[in-house]
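# Report on the structure
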Amino acid sequence: MSAPRHRPVAVLGLGAMGRALAGALLAAGHPTTVWNRSPERSAALAGAGADVAGSAAEAVAAGELVVVCLLDDDVTRRVLERAAPALAGRTVVNLTNGTPAQAHRLAEWVTARGARYVDGGIMAVPFMIGQPGAFVLYSGAEDAFLDWRDTLEAFGDVHWLGADPGRAAVHDLALLAAMYGMFGGFLHATAMVRAAGTPVGRFAPMVTGWLTAMLGELPAMAAAVDSGEHDADGSSLRMQAASFGNLLAACRDLGVDAGLMRPVRDLLDEAVARGHGEEGLSALVGLLHDDVG
Ligand code: FVH
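A brief look at the structure comes next. (Residues numbered from 1 in each chain as written. Predicted model: local features only at pLDDT ≥ 70, side-chain atom pairs only at ≥ 80, totals over all residues. Heavy atoms only, no water.)

We now examine empty space enclosed by the protein. All told, the structure shown has one cavity of 30 Å³ or more when counted by the stated rule. In this structure, the largest cavity is lined by Asp73, Asn94, Thr96, Asn97, Gly98, Thr99, Gln102, Ala103, Leu106, Tyr117 and Asp119. Where the lining of the largest cavity is concerned, the elements lending two or more residues are helix H5 (100-112) and strand S6 (116-123). With three residues, H5 is the single largest residue contributor to the lining of the largest cavity. (1 Å grid on protein atoms, 1.4 Å probe; cavity = no way out; pocket = protein on both sides within 12 Å on 5 of 7 lines; lining within 4 Å. Points joined across faces, edges and corners; volume = space filled by probe spheres on them. Helix = DSSP H or I, 4+ residues; strand = E, 2+ residues; numbered from the N terminus.)

Below you can see the structure in the form of structure tokens.
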């Protein structure tokens, strides 16, 4: 039996992420053509066997699959417009961060040029690409996704979210919101202990242990949101609203800006005022999404 043919691919954009993606495609054995606005960024990839295109159109013409990883939607649109005549018959997988509305517009534009469009959200930082723990969300043209699924697995685990091209972006941005919430909390906590004179290195194991324990609560909280049964499980919103004032007062005494924390206090107070004091934290989702009376 002959080995499966490695189909030619192209990568547009060789920033930190684009270089990692191109490297993974080369490592998987694909003939890979790369293009970047600043050509010097392609040097290491050329050394690893990539063909370097002189224009985005030349790269698109060389690849049956075109992976796009540029700064933002505006740049992506301008680069693809310059390559438009070469797009017909290709599959475009756009891994640039963007909104659902941007994904819908680009899907329509790409499809109108005779190509298939899959949108993606990379849940990894560059050094994780191709390593355990990396995963990528995809949505859009399902036939194209299935056609290229094996190739896309070179980046990390794949999660298919359906035919709506905006679905990957919603989930990508939601996961980033969770990440920034965690890092925002960590940064605030770090400022507090530093202001109190504790070396942050000594605090790190404490915060890691505490957040790890709290992460274990998430599946139950998610189930509570789905069922609408917001059991306080010993930690009512009323109790949490009462103690949150201490957190803000301590920040004031320490000279720490509580700007990241005040919105949480406001949400707790609003929940209690609206009669949810005996429920648990999961009830706050209803206030954010405005479906709680
Ligand atoms: N790096 C990360 O941790 C995250 C992980 C999750 C996904 N994001 C998104 O991936 C997109 C690219 O991110 P990146 O890390 O590669 O970003 P940069 O290293 O800043 O590279 C940006 C590339 O975009 C090119 N570019 C910028 N402006 C233009 C332009 N006007 N015309 C053409 N190309 C442009 C830039 O080219 P150059 O500056 O090297 O010439 C890079 O190729 C992004 O959506 C993340 O949110 C990364």
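In the structure shown here, the tally under the stated rule is 10 salt bridges. Among the ionic pairs, aspartate 143 bridges to arginine 116, the shortest N-O distance being 3.5 Å. Of this pair, aspartate 143 sits in helix H6 (residues 142-152) while arginine 116 is found in strand S6, placing the two residues 27 residues apart along the sequence. Arginine 149 is paired through a salt bridge with glutamate 153; the nearest N and O atoms lie 3.3 Å apart. Taking the relative accessible area as the measure of exposure, glutamate 153 reaches 39% and is therefore partly exposed. Residues participating in the shared-partner salt-bridge network are Arg7, Arg116, Asp143 and Asp147. (Salt bridge = Lys/Arg side-chain N within 4 Å of Asp/Glu carboxyl O. Buried < 20%, exposed > 50% of the residue type's maximum accessible area, 1.4 Å probe, protein only.)

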